[in-house]
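Fold and contact review
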Amino acid sequence: MNKRRSRLSWLWVGSTLGAVSIFVIGLGLWQQQLPKRLQRSAQSGDLGACLRLGRQLGALQPLRPKEAALVESCLQRQAQRSWDGGLWWAALDQQRQLIRRSGNPAKADRQLQQWRQQLRSKVIQRFLRGEMPQALSLISSSGENRFPEGQDLQNSLQENWAANRFHLEQAQRVGKKGQWWEANNQLNQLNHPWWIGQAQ
């Protein structure tokens, strides 16, 4: 009975060590293939795979300069692709990641600020056309309302919109009572082109 137990124990130990050895060998082979797969995905333009493989490789070992450059290139192209596709939130966050890992963070930051300025211009254009919901939606869909500048812009637009609505409503109210001087005074407070158009 004891001999049988001893044989079973050795068999269990042997099979466990064998499984562990196979796992370690497989992990080593998989790790050795990652740099080549990273390079192929970067060259083929499979940016999602490139970034995923870069994360996997970076979790196992520090990236070598060539590998880091490949991942940086993929991230830069992915950010541009997201921007061109109107995926503002993704593009800006990817560009922020690029700043943290770029060999030239100043250049990456200039691109980020340029995109943010373009978004701000789009928001203001919509706002001035009277497309207030669309303007606010662009701020939130780009994720800019997570940052002080975006919050300040959103608050400023909302305050201006509310103030112009108030002055127009006041002008209409006192105008119905024949208080033309006061109505004109309220209309003179309007400073938004869409609300000025509504008053005409």
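Quick look at the structure, then. (Residues numbered from 1 in each chain as written. Predicted model: local features only at pLDDT ≥ 70, side-chain atom pairs only at ≥ 80, totals over all residues. Heavy atoms only, no water.)

Let us look at the overall build of the protein. Within the protein, the regular secondary structure consists of 9 helices and 0 strands. When the helices and strands of the protein are listed from N to C terminus, the series reads α-α-α-α-α-α-α-α-α. Scored against the burial criterion, the 200 residues of the protein give a buried share of 30%. In the protein, the proportion of contacts linking residues at least 24 apart, taken out of those at least 6 apart, comes to 51%. Put simply, the protein shows about 13000 Å² of open surface, and 54% of that area lies on carbon and sulfur atoms. (Helix = DSSP H or I, 4+ residues; strand = E, 2+ residues; numbered from the N terminus. Buried < 20%, exposed > 50% of the residue type's maximum accessible area, 1.4 Å probe, protein only. Contact = heavy atoms within 4.5 Å. Areas by Shrake-Rupley, 256 points an atom, 1.4 Å probe, with all protein chains shown as cover.)

Let us look at the environment of Ala91. With respect to the helices, strands and loops of the structure, Ala91 is situated in helix H4 (residues 88-101). Its relative accessible area of 0% is what places Ala91 among the buried residues. For the pair Ala91 and Trp115, spaced 24 residues apart in sequence, the C-alpha separation works out to 9.0 Å.

What follows is about the pattern of salt bridges. Taken as a whole and judged by the stated rule, the model has 7 salt bridges. When the shortest N-O distance is used, the salt bridge between Arg116 and Glu144 registers 2.7 Å. Of this pair, Arg116 sits in helix H5 (residues 105-128) while Glu144 sits in the loop between helix H6 (132-141) and helix H7 (148-176), placing them 28 residues apart in sequence. Residue classification places Arg116 among the buried positions, given a relative accessible area of 15%. On the basis of relative accessible area, Glu144 is assigned to the buried category, the value being 9%. (Salt bridge = Lys/Arg side-chain N within 4 Å of Asp/Glu carboxyl O.)

A full pass over the atoms with the stated rule returns 6 aromatic pairs. Here the aromatic rings of Trp83 and Trp88 are separated by 4.8 Å at their centres, their planes lie at 65°, and the arrangement is edge-to-face. The two residues Trp83 and Trp88 agree in class, both being buried. An angle of 5° between the planes, with centres 4.8 Å apart, marks the rings of Trp83 and Trp115 as stacked. Within this pair, whereas Trp83 is found in helix H3 (residues 65-84), its partner Trp115 is found in helix H5, the two being separated by 32 residues in sequence. There is no split in this pair, since Trp83 and Trp115 are both buried. (Phe/Tyr/Trp six-rings, centres within 6.5 Å; stacked < 30°, edge-to-face > 60°.)

Within the secondary structure, Asn164 is located in helix H7. Since its relative accessible area comes to 2%, Asn164 is described here as buried. Contacts of Asn164, omitting those with residues within four sequence positions, involve Leu190, Asn191, His192 and Trp195.

What follows is about the side chain of Glu144. Among the polar contacts listed, one links the side chain of Glu144 to the side chain of Arg96, at a separation of 3.1 Å. Excluding its chain neighbours within four sequence positions, the residues that come into contact with Glu144 are Leu92, Arg96, Arg116, Ile139, Gly150 and Gln151. (Polar contact = N/O pair within 3.5 Å; in protein donor to acceptor, adjacent residues only side chain to side chain.)

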